[in-house]
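Below, each chain spelled out in residue letters.
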Amino acid sequence: MIQIFLPIILSIMALLFQWDSGIQPAKITKKWFPDPEIAIATPALNKKSGFTNHAEMMAFIEKIREQHSDVMRIEWIGTSQKGKQIPVIRIKSNSQAPLKVWMQGGLHGDEPASTEGLLYLLTQIFEPQHANLLKHFDWAIVPMANIDGSEKHNRFAANGLDLNRDQTKLMVQESVHLKQALCAFEPDLALDFHEFRPYRMDFLEMGTAGLGTAYDVMILNSSNLNVPKNQRGLTQKEFVDPLMKELSELQFRSHDYYSTQTELDHLFLSQGSSSARSSATNFALTGAIATLFEVRGVGLGRTSLKRRTYITYLCAMSYLKSAMQNTEKVLAALNNPSPSEKVVISTTNKRFNQSILMVDLHTKDTLRIVVPTKDAKRMKIKEARKMPEYYLVHPDAAAILQRLNWFHLNCDTLKMPETISVEQYTQTDACNIAANKYEGVFRQNCNYKTETQSVQFPKGTLKFPIKQRKGRILLELLEPDAPNSLISFHVLDAQQYPVLPYYRLMN
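Residues numbered from 1 in each chain as written. Predicted model: local features only at pLDDT ≥ 70, side-chain atom pairs only at ≥ 80, totals over all residues. Heavy atoms only, no water.

Peer 1: I keep staring at the packing of helix 9 (residues 229–249) against helix 11 (residues 305–325) and nothing clicks. Help me out?
Peer 2: For any two helices packed against each other, one specifies the inter-axial angle together with the distance between the axes. For the pair helix 9 and helix 11, interaxial distance at closest approach is 9 Å and the crossing angle is 130°. Taken together, helix 9 and helix 11 sit at an angle that is classed as oblique. Crossing handedness for the pair helix 9 and helix 11: right-handed. Residues Glu238, Phe239, Val240, Pro242, Leu243, Glu246 and Leu247 of helix 9 pack against Leu314, Cys315, Ser318, Tyr319, Ser322 and Ala323 of helix 11. Looking at the contact of helix 9 with helix 11 residue by residue, the class counts come to nine nonpolar, two polar and two charged. (Axes fitted to C-alpha atoms, helices over the stretch in contact; angles between N-to-C directions. Helix = DSSP H or I, 4+ residues; strand = E, 2+ residues; numbered from the N terminus. Parallel < 35°, antiparallel > 145°, perpendicular 65-115°, else oblique. Left-handed = near helix turned anticlockwise from the far one by under 90°. Contact = heavy atoms within 4.5 Å. Nonpolar A, V, L, I, M, F, W, Y, C, P; charged D, E, K, R; others polar.)

Right under this line is the structure:
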């Protein structure tokens, strides 16, 4: 009788509690996700309950700073909405360090292993065996990006918005602080650490008692076609592939990141990402080898916390070693990106059947299921425009210029009025405004045509070149019908601008 009702009970519990009580059966934990037999003396792992809070984190990193004050300092990039200072740990033991690395954790407050893993990394990089790594990088580490969410073990910032859906619109205080700090630092390597929910409602309805994802970590490197081709290829070949191989040799399971979606009541996987509203793509478009790591953990409480922390650490160390081994390739790819004649506006993608590894909650064994999948790495261009050489932005477009300034983009300013032949954006029909808010805004879907016009530009007009380290982010921010543009996110009310206050300057 219990086998009949168990799936129903599990589904109800998952819905009500989102598995946040660490309800994973002990037999599954012991068999598939045991903690490693190593010492990890970070704040949460030094106590029997709860996770690292802001005060504990600050005491922990301050103690390490005191021991290494000659090379380490703590800076502040701003405050959270609740008024707590957001620290960035700066480490530089070599004034000629060839590479800069940015690492952040805790962007979602209910993903504690991301913070814990970076704190563990901090204890390890000063060990003698890592001396070469320490000297090879100029470091910037933000272990707890979303302090208010972390304090409440809540995914969102204090105003209820998701910081990893705010990378282009930049409407959340913490997002602005993080973006300004990262773009001013200009890292060569930019890593964002997260955790994912292994028990999802889609899978809990399968089998006798439900299925859970079996992977220890899922890896998300951008497939956005506006990211230079050589940069995308280098990330996959010299970073992702070696990491997956190393994890396999250590008996950890990894996979490309996927999420579940439904269409006409049919489940499919959306694998990979090209969305500039989240970090993996946004960081890549600003000129860095970038990856987002999703460790198996959301909803598990403290279950397997040491394992999750250790895997976070392993991912970071693997990328650091790969960067050190491929320094010349990294700098060549970032400083000499593959040229492109097109700005990709939209893409198309066909589904294929994929086998993924799951854990059966009834048998406690692993099994494979076949699920239709859309993989961002297989995208094809659907709509594109010719690549401009510059974007010209009217000085009255304050909201647009403010965000471009936060990205620390290079630009020139017209010293006097000038008539220039440019392509202007003109609306072709009425904008479709969403009925419901997405992440705090009513998104707008507008269609534009570009046409060549001679336009009189006033003194103070800003001229942003595409050919700069962070130049590819301009394509996603300013092409108005791109899915995550500033127009899409209603930074400007497009209904008030039948002609947009910025323009394309061609070769």
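Now that the structure is up, let's keep going.
Peer 1: Explanation requested: helix 4 (residues 112–124) in the structure shown.
Peer 2: Three or four residues apart is the spacing at which side chains of an α-helix point the same way, because the helix has 3.6 residues per turn. The end-to-end C-alpha distance of helix 4, which contains 13 residues, comes to 19 Å, matching closely the 18 Å that a straight helix rising 1.5 Å per residue would cover. Taking burial as the measure, the 13 residues of helix 4 include 12 buried ones, the bulk of the element. For helix 4, the set of buried residues is Pro112, Ala113, Ser114, Thr115, Glu116, Gly117, Leu118, Leu119, Tyr120, Leu121, Leu122 and Gln124. (Expected span 1.5 Å × (residues − 1). Buried < 20%, exposed > 50% of the residue type's maximum accessible area, 1.4 Å probe, protein only.)

Peer 1: Honestly, the sheet that holds strand 3 (residues 99–105) in this entry has me stumped. Any pointers?
Peer 2: Strands pair in a sheet through their backbones, by hydrogen bonds, and they do so in one of two ways: parallel or antiparallel. Reading across from one edge, 1-2-4-3-5-11-7-8 is the order of the eight strands in this open sheet, with mixed pairing throughout. Every interior strand has two partners, whereas the edge strands, strand 1 (72–79) and strand 8 (254–256), have only one. Direction aside, neighbouring strands of the sheet carry axes that sit 20° apart on average. The sheet contact formed by strand 2 (residues 85–91) and strand 4 (residues 137–142) spans three bridges and is antiparallel. The residue of strand 4 that forms the bridge with Arg90 is Ala140. In the packing of helix 7 (residues 173–185) onto the sheet, contacts are made with strand 1, strand 2, strand 3 and strand 4, and the angle to strand 3 comes to roughly 165°. (Pairing = 2+ DSSP bridges.)

Peer 1: I keep staring at the side chain of Arg308 and nothing clicks. Help me out?
Peer 2: Tracing the backbone shows Arg308 in helix 11. With a relative accessible area of 3%, Arg308 lands in the buried category. In terms of polar contacts, Arg308 uses its side chain to reach the backbone carbonyl oxygen of Gly301, at 3.0 Å. A distance of 2.7 Å separates the side chain of Arg308 from the backbone oxygen of Thr303, its partner in a polar contact. When neighbours within four sequence positions are excluded, Arg308 is seen to be in contact with Pro112, Ala113, Glu195, Val295, Arg296, Gly297, Leu300, Gly301, Arg302 and Thr303. (Polar contact = N/O pair within 3.5 Å; in protein donor to acceptor, adjacent residues only side chain to side chain.)

Peer 1: Mind showing me how you'd approach the pattern of salt bridges here?
Peer 2: Two side chains that carry opposite charge are able to pair once their charged atoms sit near each other. Counted according to the given criterion, the structure contains 23 salt bridges. The partner of Arg90 in a salt bridge is Asp138, with the nearest N and O atoms 2.8 Å apart. You can see Arg90 sitting in strand 2 and its partner Asp138 sitting in strand 4, a full 48 residues away along the chain. We classify Arg90 as buried; its relative accessible area is 14%. The partner of Lys169 in a salt bridge is Asp166, and the shortest N-O contact between them spans 2.8 Å. (Salt bridge = Lys/Arg side-chain N within 4 Å of Asp/Glu carboxyl O.)

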